[in-house]
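Single-letter residue listing:
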Amino acid sequence: MDINTLKTQIELEILQVNSPEELEVFRAKYLGRKGALAELTSIIPQLPIEQRAGLGQQVNMLKSQLQALITDRQKVFSGGATKVTSSTICDLGMPGIAQELGRLHPITQVIEEINTVFVNMGFVVADGPEVETEFNNFTGLNIPLNHPSRDAFDTFYLKDYPKMLLRSHTSPVQVRAMKSRKPPLAVIVPGRVYRPDAVDASHLFMFHQIEGFMVDTNVTFSGLKGILETFAKKVFGEEIKMRFRPHFFPFTEPSAEVEISCIICKGKGCSVCGRKGWLEILGAGMIHPNVFKQVGYDSKKYSGFAFGMGIERIAMLKYGINDIRLFFENDLRFLKQF
Amino acid sequence: MTVNLMKVTYNWLKDFVEIGLSPHALADKLTMAGLEVKTVEEKEGDFVFEIEITSNRPDWLSVVGIAREVAAITNKKFNANCLMLNVKNPQCKRLNLKQFNVNIESQKDCSFYSAKILRNVKVGQSPDWLKKRLELVGCRSVNNIVDITNYVLFEQAQPLHAFDLDKLSSGEIFVRRARKGEKLITIDAVEKNLNPEILVIADKNNPIAAAGVMGGKDTEVSWDTKNILLEAAVFNPAVVRLGRQILGLNSESSYRFERGVNAQAVEFCSMRAVKLMLDLSGAELVGDKSVGKISKKTKSIYFDCRCIQEKLGINVASAKIKTILTHLGFSLKAKDKNNMLIEIPGFRSDVNCAEDIVEEVARIYGYEKIHSSLPAVKPQAKFSSDRDLVLFVKNILTGLGLNEAITYSLIDRESLSLCSSTSAFAEVRDPLSKEQEILRPAIVPSLLRCVSYNLNQKQELVNIFEIAKVYFPSGASLDEELCLGIVLCGERNLLLEQGRLKDKMSLLHIKGVLETLASRLGVKEVAFAWQTKEIVDVFANGKKIGTIGCCAQQILEKLDIKHRDVFMLEVSLNKLFDCVELKKNFVTLPKFPAIARDISFVIKNNISVQEVLDAIKIAGKPLLESVEVTDYYQGSQIPAGSRGLTISCLYRLLERTLTEEEVSPVHARIAKLLIEKFEVTLR
């Protein structure tokens, strides 16, 4: 294209440019690395020597005219004044520009944290259905029907589905996993569980548990203590102390209620721990031979431990949350804190 | 009554064991032995312990049971001398008991029933020491006779009941199931309807007590009572439990019967009460009739002391083991160095196997003395589970700016009307409240409530998701399906260098989330089809996996959401996961440059862009590498009912550089196709 035609084209085209974006396209078209002017410049070396200087001059002139046109046009868009662009000044006091990330629910975060601790110790994760049979939820776990030991497990039974219920703990997965596999087993089971209850600051009718159990030829109470102490130190900090108190659960013998030194008062006694200096966080024990019998394990050959904890309780302690209902209100101001 | 809390006082315990510890030190010891002391309260010169008793230890529902424990923990002797019962019917002037009969309908319901007849009772106030002890453990004093039965209940965990003998219609007692239509006014003056599930004590005509639960008003001991019948019995725990559940009553008595009383001590306890009655009310024992059998047989467990090492992982000397067990009331017969036969006392119905003995030893030895060790966890195969995929999905969604919510899996009936489609659902039997009634068949209704809640908190953008099970009947069974629900509402403010932009949520945002997710999961094809005016079916690899849509106006009104659109997604993850392909295959990067050509045109709104793109893809073969929509506008320059689009076509050959001359005819062909088939106007 001859340089005068190009000049005319430029002058006509700049009038059609109506936005900064279009102006940028325009600039690239003529002044860009592969733009029209660059193309012209690139043919200069091929010209006879006497013509080279002349065209060179013309091109440079057109270039400065073009730049002036672009600058003028820019002023039109910015209302006369030249806008301060990022290339000249960057006020780092301005908010950064980024895609905002969403958050995982705090319960999910706590579950994943605990899972990781156990998976790193060699445990595998299993899950099971929330609608369970009465057998897996009770009988298979040595909880007789019509017995006071069931009082701790109020249960949602289902209408029109006899002997079916919403699991009241994650322990049925123990029965399922043991029935489907032979030892050695080291398993954790996180999940939702259900117990009829009126909702208040410390009660819900749905919450989350993590169940864990290990079965092998030489599993002992001492090993249970070791595993749980490791867990507590990883989740609550190395300085945490742990104590085991005798307790009763139908599916373990011996059974223990496990407490950690209060993370608020460090064991001195405060309102969170009820002045005791200790916080109950989980139940545990050696798997009862009757449970082994139900799943066809030989309790002479194998021994095992099991433990279970409420995730909401752990999360409340960990984050200092005082009302359990907050977890399921899903207030974004709450969710975005984690 | 506070059910699982047992009150006992320091001085009462001292009747049976010497205590060298302060009340608080004793409380700590008890707690660490499995009797969790909740509170210690100093009261009237004594200390009241409130102890949580686990359901396996009915013997701890008595002062003697706890005293026995104190003896074992503190290495002292349990002393029952104060119970000296030199009343082996000393003054029992044998009544002609032919006049008096006890009839047990079923030995299963009641294995033993003892009736003691006492004459010339002087009903009056109890002495202060008795009143005080009862009141300290939370039992109101009534009169000397009733107080004595309660005193023995707390001391021995054996519930007793005293009837006014003269109020019985005849000299006969029947232990039988209630008949349909029978009624009983219990001592709390409430009339209860009875049915054959309930075991009662009856005279010839009427029920006079709900067995093991509560006595009747008509036959209760009053200030005028002269003669009494003292009942001591062994009722079937399950029958008592069912009875009190049906009657909606819970008494100290039923609480103990449900957990099981020590049958071997019933007669002893009955005589303990008689002795107190003789001493405190001037009564004379004139009759003693018992029916049923009490097995004298004791349980024995063969125990190998090495079991301790095996189960606990520590070594406890066999001498120590023996001391602990003896203190707890077990009788031991040594077989050899490690083995012994352990005879289980009648009050320890909970001890049935070697593991129970291990717990006894561990408890008293002290859990804190068991050192911890780390077991070797052997490698095992993973369980097949969607967990990893679910977490992957959650991370993708949070990466897209969505926040994870967790809502209840049970919903109220009203929430069902927030579902965009009606589906079958399952219900909870006898729900406690209407919020806990229905197993949800969809997640979105719960999320819509979260939208409403958050809008009320003045959130400008509500963008949340949840992954949870939903439930639906499928033939005779109830299926659970893992689902993903997403709702978007409001606008995202983007502060960019050119100023503020408002990114208003739309159905395309939902589509974008799903497409990104599907693409990350390697799902080959996602397609959409309008089902109704608001709802779009979503297909993955040709199979329907769920819906996306815009919340209908009448639903928004129910939620009180005004001037906002809410967009939602509900997709079965089980179905989506069937289409997942996480295997990646590297595609060689192109060596030669591509040529990009745009086409801008105006197209009628009723023509789907997807159809246009699909047609272009076919028309552009084989040079066309990709085609995408790069701009979109509607405005004054565009005729109504149409929109302006810019489509960018990328042409490339893998083996050499493509020339403009090769591209032009193809691009012209595409333009022609647009004009002819889709009636567009090029701009």
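None of these values were measured; they are calculated from a predicted model.

### Some remarks on the overall build of chain B
Within chain B, the secondary structure is distributed over 19 helices and 32 strands. Projecting the C-alpha coordinates of chain B onto the three principal axes gives extents of approximately 130 × 65 × 45 Å. The long-range share in chain B, meaning contacts at least 24 apart out of those at least 6 apart in sequence, stands at 69%. Of the accessible surface of chain B, which amounts to about 31600 Å², a share of 51% is contributed by carbon and sulfur atoms. Here chain B contributes 91 positive and 85 negative side-chain charges, whose respective centroids are spaced 4 Å apart.

### Some details on the interface of chain A and chain B
Counting residues at the interface gives 98 residues for chain A and 91 residues for chain B. When the two sides are added together, the surface that chain A and chain B hide from each other amounts to roughly 7800 Å², 56% of it contributed by carbon and sulfur. For chain A, the biggest contributors to the area lost against chain B are A:Tyr161, A:Pro246 and A:Leu332; these three give 9% of the whole. Taken together, chain A and chain B are joined by six salt bridges. If one sorts the elements of the side of chain A that touches chain B by residue count, helix H8 (residues 221-236) of chain A sits on top with eight residues. Looking at the side of chain A that touches chain B, its residues break down into 49 nonpolar, 25 polar and 24 charged.

### Focus: the side chain of B:Thr219
Along the polypeptide, B:Thr219 turns up in the loop between strand E12 (214-215) and strand E13 (228-235). Ignoring any residue separated from it by four or fewer positions in sequence, one finds B:Thr219 in contact with B:Ala162, B:Phe163, B:Asp164, B:Lys167, B:Leu168 and B:Ile208.

### Concerning unusual backbone geometry
Of note, the amide linkage connecting A:Glu253 to A:Pro254 takes the cis form, showing an omega dihedral of -5 degrees. Here A:Pro254 is to be found in strand E8 (residues 252-261). For B:Asp430, which is not a glycine, the phi torsion comes out positive at approximately 45 degrees. Relative to the helices and strands, B:Asp430 is located in the loop between strand E20 (426-427) and strand E21 (438-439). Since its relative accessible area comes to 66%, B:Asp430 is described here as exposed.

### Quick notes on empty space enclosed by the protein
Using the criterion set out here, one finds four cavities of 30 Å³ or more in the structure. Here the largest cavity is characterised by a volume of approximately 70 Å³. Every residue lining the largest cavity is counted, 14 residues in all, and those nearest its centre are A:His247, B:Asn56, B:Trp60, B:Glu359 and B:Arg363. Listed by contribution, the elements that provide at least two residues to the lining of the largest cavity are strand E7 (242-249) of chain A together with helix H11 (354-365) of chain B. For the lining of the largest cavity, the per-class residue count stands at four nonpolar, four polar and six charged.

### A few points about the pairing of strand E22 (residues 461-474) of chain B
All names here are of chain B. Of all the 14 residues making up E22, eleven are buried; the element is thus mostly covered by neighbouring parts of the structure. Sheet topology note: the strand E18 (residues 403-404)/E22 ladder contains two bridges and is parallel. Bridging from a neighbouring strand, Glu 404 pairs with Phe 465 of E22. Direction of pairing for E22 relative to strand E23 (residues 477-496): antiparallel, over a ladder of 14 bridges. Bridge pairing in E23 places Tyr 471 opposite Glu 480.

### Some words on the sheet that holds strand E19 (residues 410-411) of chain B
All names here are of chain B. The strand order across the open sheet built from three strands is E19-E21-E20, with neighbouring strands paired in antiparallel fashion. For this open sheet the edge positions go to E19 and E20, each flanked by a neighbour on one side alone. Summarising the sheet, E19 and E21 pair through two bridges and their orientation is antiparallel. When the sheet's bridge partners are listed, Leu 410 is paired in E21 with Leu 439.

The rules behind the values
Residues numbered from 1 in each chain as written. Chains lettered and ligands numbered in written order. Predicted model: local features only at pLDDT ≥ 70, side-chain atom pairs only at ≥ 80, totals over all residues. Heavy atoms only, no water. Helix = DSSP H or I, 4+ residues; strand = E, 2+ residues; numbered from the N terminus. Contact = heavy atoms within 4.5 Å. Areas by Shrake-Rupley, 256 points an atom, 1.4 Å probe, with all protein chains shown as cover. Lys, Arg positive; Asp, Glu negative; His and termini not counted. Charge placed at Lys NZ, Arg CZ, Asp CG, Glu CD. Buried area = accessible area lost by both parts, 1.4 Å probe. Salt bridge = Lys/Arg side-chain N within 4 Å of Asp/Glu carboxyl O. Nonpolar A, V, L, I, M, F, W, Y, C, P; charged D, E, K, R; others polar. Buried < 20%, exposed > 50% of the residue type's maximum accessible area, 1.4 Å probe, protein only. 1 Å grid on protein atoms, 1.4 Å probe; cavity = no way out; pocket = protein on both sides within 12 Å on 5 of 7 lines; lining within 4 Å. Points joined across faces, edges and corners; volume = space filled by probe spheres on them. Pairing = 2+ DSSP bridges.

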